[in-house]
Amino acid sequence: MITPRIEIDLEKIAHNAKTLINLYGSKGIHLIAVTKAVRGNPRIARTLVNCGIDILADSRIENIKRMRGAGVQAQFLLTRTPALSQAEAVVKYADISLNTEFSVIERLSAHAIEYDKSHKIILMLELGDLREGLMPSDLDDMVKQVSKMEGINLAGIGANLACFGGVIPDDENMGKLSSIANDIENKHGLKLEYVSGGNSANYNWFMSTQDVGRVNNLRLGESIYLGCETVSRKPIPGLHTDAMTLVSEIVESKIKPSLPYGTIAQDAFGNTPKFVDQGQIRRAILGIGLQDVQVSGLTPRVDIEIIGASSDHLIVNAKDLELSVGNELEFDLNYAALLSAMSSRHVNKVSSDRVNAHEYCERVEKNYRRHLQLQPGISIKEDHSPMHNLNESGFNLMFEPSSQPGYKFMVREAVYEKIGRISKRLDMEDKTLWLRSAWRSFEHQRLLWQERVAQLQIEYPKKELEEIEELVSYFIAPPSKSMHATGGAVDALIYDLKQNAIMRFGTNDGFKITLNDKCYPYHPYITPEAKNNRKLLIGLFEAEDFVVDLKEYWHFDYGNVSWAIDKGKDQAIYGVI
Ligand SMILES: *Cc1c(COP(=O)(O)O)cnc(C)c1O
């Protein structure tokens, strides 16, 4: 799969959100989920809404538009104090905003009247952190003016701590917020819907306080995504801290000195670097850098050391790990790293839930074992249909170069006709079927088997032959079991003539396929693009009565034993030929 990518475990995010909703809900605190660290990712937003979150907050109108555009059903709150020039868009796209400036609220009011809307505002108070907020002494005046403004609904007051000045939420400042809420309500005869006490940094206060007072709302981002509070960044018990994973790939791995040699001046960023001599080390370079993520916020999940990074390279000391080119490495992200990776267009966002992926794979493997058991029981009523050569068919097809010299793409007659129809359908979309393989003799299958065994023996020098053969059997059938010997099996991908490339199916780079469980046709952990492309490929073959292989999205069977089992028939029509 493409790297660098950020893997988003929706199941874990949902678990974190539900746990926090219950925890804070136990003392009457309602949660708003903040999506700015994930750039308003619609799949995450939808997951949060499904957990019972009814207000989503983001610092950017573009992110709110993105979620609305994706059909996410919630109210939207803008967290950053709106800019004057933005007021119209704020009224148009946000239902609620956090405010501190009179002139901005006036402008919001004017646009709310224009759009015939009621825009909710929460007035933010300065409680010491010195980012946004009205000084408490100015609040009274402000409330007097905005509470009678047309189009504006004063929905509450709020505070935001631990963001700039590092000031911790405690009983003192939260108590102050509560008493201000009471004062305002008494003095102005109104009811504040929200007393919004803060963000993920409010956790320790919440856990230790005897009384949350009037605080009935918090706006949480980080603790939902990363599972920690934000005063000392300790994990919150019961939450997942690995819902987000950054995956990068090794592009170079060599034994080199630990100390640069030559005259040392400035690095790419104007710093003069310093290094400690550790002798010769294995230095690996990952294809990720400052354009992708704030590297200082990454923690590798294996025992390696990050030495440094430039705009596109991350250099690590691999220590005792045998890292080689193509290996993928996983990293935890802190908040800054998460924010940067989610905002970088160079980082692929892949969301799924590993729990489901795991269950799916287990199901596939169980089904696969069942198929193997059923195979001997299927009889073959050979229809003796002849084989035809697809190379000479005249259909628009492309043929993958074979390791077998002079390989011909032979299939049974009915399969031949089916491929012809699929080819015509793809012609209309400026695409062509890319055939990887069709009929294979036992001898050919044996060679493939041996090739793969030899490859894996090099990759895993310490493994026994038996273990290697088991690994190989995972994806390549032993010669006597191969469906390719029946003339009813084809391996195919799709070539996009407009892009001039083979489409992306999630585990392939052109026609090179990496064999792993993401090859299982409906694996959830592939990109939406790959899912769509698989749907197209599988749909074309299924429409012609083929069945897709259980483990390989590119392998299709018709007429043979695999097909019979999948279709629930007790007879196949193609035997070995
Ligand atoms: C970012 C932000 C939050 C969420 O902060 P987390 O630390 O991610 O929980 C809440 N309120 C405001 C005003 C923010 O800007």
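1. Regarding the pattern of salt bridges
Tallied over the full model, the rule gives 25 salt bridges. Glu382 is the salt-bridge partner of Arg412, the closest N and O atoms lying 2.7 Å from each other. Of this pair, Arg412 sits in strand E20 (residues 410-412) while Glu382 sits in the loop between strand E17 (379-380) and strand E18 (387-389), and the two are 30 residues apart along the sequence. Accessibility expressed as a relative area gives 0% for Arg412, which makes it buried. In this structure, the salt-bridge partner of Glu544 is Arg421, at a minimum N-O distance of 3.0 Å. Residue Glu544 is located in the loop between helix H15 (528-542) and strand E26 (547-548), and its partner Arg421 is located in helix H12 (residues 413-427); the two are separated by 123 residues in the primary sequence.

2. Observations concerning unusual backbone geometry
Positive phi, close to 60 degrees, is recorded for Leu130, a residue that is not glycine. Note on placement: Leu130 falls in the loop between strand E6 (119-125) and helix H6 (136-146).

3. Quick look at the pairing of strand E10 (residues 244-257)
Pairing of strand E1 (residues 5-9) with E10, which is carried by four bridges, proceeds in the antiparallel orientation. Looking at the pairing, Arg5 lines up with Val247 of E10. Where E10 lies against strand E11 (residues 280-286), seven bridges are found, and the strand directions are antiparallel. Each residue of the ladder has a partner; that of Pro257, found in E11, is Gln280.

4. Some thoughts on the domain arrangement of the chain
Here the chain is described as being made up of domain 1 (10-226), domain 2 (244-263 + 273-346) and domain 3 (361-440 + 482-572). Averaged C-alpha coordinates put domain 1 and domain 2 at centres separated by 37 Å. Listed by partner, the interface residues are 10 residues for domain 1 and eight residues for domain 2. Of the roughly 810 Å² buried between domain 1 and domain 2, counting both surfaces, carbon and sulfur atoms make up 72%. Sorting the residues of domain 1 by area buried against domain 2 places Ala37, Arg39 and Leu226 first, and these three jointly supply 54% of that buried surface. Remark: the boundary between domain 1 and domain 2 carries zero salt bridges. Our count for the contact surface shared by domain 1 and domain 2 stands at zero residue pairs in polar contact (both at pLDDT 80 or more). The element that contributes the greatest number of residues to the side of domain 1 that touches domain 2 is helix H9 (residues 222-226), accounting for three residues.

5. A word on the pairing of strand E3 (residues 55-58)
Side chains Ile55 and Ala57 of E3 all project onto a buried face; the interleaved residues Leu56 and Asp58 project onto the opposite face, where all are buried too. Where strand E2 (residues 30-34) meets E3, two bridges bridge the pair, whose relative direction is parallel. Across the sheet, Val34 pairs through a bridge with Ala57, a residue of E3. For E3 and strand E4 (residues 75-78), the ladder comprises four bridges, and the chain directions are parallel. Across the sheet, the residue bridging to Ile55 is Gln75, located in E4. Crossover connection from E3 via helix H3 (residues 61-69) to parallel E4: handedness right-handed.

Rules of the game
Residues numbered from 1 in each chain as written. Predicted model: local features only at pLDDT ≥ 70, side-chain atom pairs only at ≥ 80, totals over all residues. Heavy atoms only, no water. Salt bridge = Lys/Arg side-chain N within 4 Å of Asp/Glu carboxyl O. Helix = DSSP H or I, 4+ residues; strand = E, 2+ residues; numbered from the N terminus. Buried < 20%, exposed > 50% of the residue type's maximum accessible area, 1.4 Å probe, protein only. Pairing = 2+ DSSP bridges. Domains from an automatic or database assignment. Contact = heavy atoms within 4.5 Å. Buried area = accessible area lost by both parts, 1.4 Å probe. Polar contact = N/O pair within 3.5 Å; in protein donor to acceptor, adjacent residues only side chain to side chain. Right-handed = clockwise from strand over helix to strand, strands pointing away.

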